[in-house]
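Structure assessment
Residues per chain, in single letters:
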Amino acid sequence: MKKKFIIFVVVSLLSQCFLFADDAFGNRICSIDSSFLMKDWNKFGWGIDGTYEQKIFNCFSVRGGIGYSIMWYTEEDLTLTSYNGSADLLFYPFAKGLDKLYLGAQGKAEFFNYDGDDYNSDNNRDILYSVSPIIGWKLTFFKSIMIDVFASYKYVLNPGEQNPVISDLVKNNMEYGIRFKIDLIKLVNYSIEKALHPFD
């Protein structure tokens with residue numbers, strides 16, 4: 001059921017971005033994001049997300065996303081996977097489209113699954129709800145590739161309900177990193193433009 005839901009959301013996001021592709025530049029971003037995850041030297045992994053961001057006013061946008069990540073705990077027999085959904089409200093003070101400096105707020109739900117010898121169907125799942133203020137800077141390269149440098153402070157709404165093994169993930173704390181984004185709308189538009197005008 002969860003996989004069908006994720007597929008439905010991904011298809012819906014893609015259909016919306018291509019429906020409005022004629023007004024894509026600077027007003028909406030449909031992207032695939034990849035990131036490297038590290039909490040310390042003994043916990044590392046990677047994640048991938050699909051996001052859709054829509055400009056609603058001159059300096060404001062809304063962004064929704066779904067994601068998947070996997071993290072390995074090298075000192076324990078544990079592999080932690082998570083699915084998440086998020087909703088953001090973002091403010092761009094320079095009013096340069098969906099680029100450069102942004103500030104905002106995020107609400108997020110994360111669904112954790114534990115895989116290891118010490119976990120079974122009775123204790124291998126957790127849910128985490130959080131809200132975060134966000135600050136970041138986005139840069140665009142080669143028309144469709146973006147680098148998003150960000151920082152946020154996560155406030156956990158349901159602390160103490162999760163397995164102690166992930167206590168470092170469920171406390172209020174700073175989060176920061178770099179996302180590498182491929183903007184599907186700009187990539188499609190650029191490909192179409194090149195196909196129609198190959199010698200320009």
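In what follows, the structure referred to is the one given above.
The present account deals with the structure reproduced in this document.

Procedures and definitions
- Residues numbered from 1 in each chain as written.
- Predicted model: local features only at pLDDT ≥ 70, side-chain atom pairs only at ≥ 80, totals over all residues.
- Heavy atoms only, no water.
- Helix = DSSP H or I, 4+ residues; strand = E, 2+ residues; numbered from the N terminus.
- Buried < 20%, exposed > 50% of the residue type's maximum accessible area, 1.4 Å probe, protein only.
- Pairing = 2+ DSSP bridges.
- Lys, Arg positive; Asp, Glu negative; His and termini not counted.
- Salt bridge = Lys/Arg side-chain N within 4 Å of Asp/Glu carboxyl O.
- Contact = heavy atoms within 4.5 Å.
- Core = buried A, V, L, I, M, F, W, Y, C linked by side-chain atoms within 4.5 Å.
- Phe/Tyr/Trp six-rings, centres within 6.5 Å; stacked < 30°, edge-to-face > 60°.
- Lys NZ or Arg CZ within 6 Å of the ring centre and 35° of its normal.

1. Here's the deal with unusual backbone geometry
Of note in this structure, K100 is not a glycine but carries a positive phi near 70°. Tracing the chain through its elements places K100 in strand β5 (residues 100-115). Residue class for K100 comes out partly exposed when judged on its relative accessible area of 29%.

2. Describing the pairing of strand β6 (residues 125-141)
Bridge count between β5 and β6: 14 bridges; the pairing is antiparallel. Pairing of K108 across the sheet is with S130, part of β6. Examined bridge by bridge, β6 and strand β7 (residues 145-156) share ten bridges and lie antiparallel to one another. Residue pairing across strands places I135 opposite A151, the latter belonging to β7. Two successive antiparallel strands, β6 and β7, enclose a turn made up of three residues, where F142 displays a positive phi of approximately 55°.

3. A word on the side chain of D49
Inspection of the secondary structure puts D49 in strand β2 (residues 43-55). Nearest to the buried, unbridged D49 among oppositely charged side chains is R179, at 5.3 Å. When sequence neighbours within four positions are dropped, the list of residues in contact with D49 reads S31, I32, D33, I66, G67, Y68 and N84.

4. Focus: the nonpolar core
A general trend in soluble globular proteins is that nonpolar side chains are found buried together. Listed in full, the twelve residues of the largest apolar core are M71, Y73, L78, L80, F112, Y114, L128, V156, V165, I166, L169 and V170. Counting residues in each nonpolar core, the second largest holds eight residues, with I29, L90, Y92 and Y102 among its members.

5. Section: the pattern of salt bridges
For the coordinates displayed, the defined rule picks out six salt bridges. A salt bridge links K181 to D33; its shortest N-O distance comes to 3.0 Å. Remark: D33 occurs in strand β1 (residues 28-40) and K181 occurs in strand β8 (residues 173-183); sequence separation between them is 148 residues. Taken as a pair, K181 and D33 share a single burial class, namely buried. Close ionic contact of D148 with R179 constitutes a salt bridge, the shortest N to O distance being 3.6 Å. Pair noted here: D148 is in strand β7 and R179 is in strand β8, with a separation of 31 residues, a long-range link. Its relative accessible area of 0% is what places D148 among the buried residues. When salt bridges that share partners are traced, they join R63, D88, D148 and R179 into one network.

6. Observations concerning the packing of aromatic side chains
Here the distance between the centres and the angle between the planes together describe a pair of aromatic rings. For the coordinates displayed, the defined rule picks out five aromatic pairs. Both rings, one in Y68 and one in Y83, keep their centres 5.4 Å apart while their planes meet at 55°; by these two values the pair is tilted. Placement of the pair is Y68 in strand β3 (residues 60-73) and Y83 in strand β4 (residues 78-91), with a sequence separation of 15 residues. Centre to centre, the rings of Y92 and Y102 are 5.9 Å apart; their planes meet at 45°, and the pair counts as tilted. Within this pair, whereas Y92 is found in the loop between β4 and β5, its partner Y102 is found in strand β5, the two being separated by ten residues in sequence. You'll find Y92 and Y102 in the same group, each marked buried. For K138, the ring lying beneath its charged end belongs to Y102, and the centroid distance is 5.7 Å. Across from the ring centre of F150, 3.8 Å away, lies the NZ or CZ of R179, which sits over that ring.

7. Describing the environment of L90
Within the secondary structure, L90 sits in strand β4. For L90, a relative accessible area of 0% translates into the label buried. Separated by 43 residues in sequence, L90 and P133 have C-alpha atoms that sit 9.8 Å apart.

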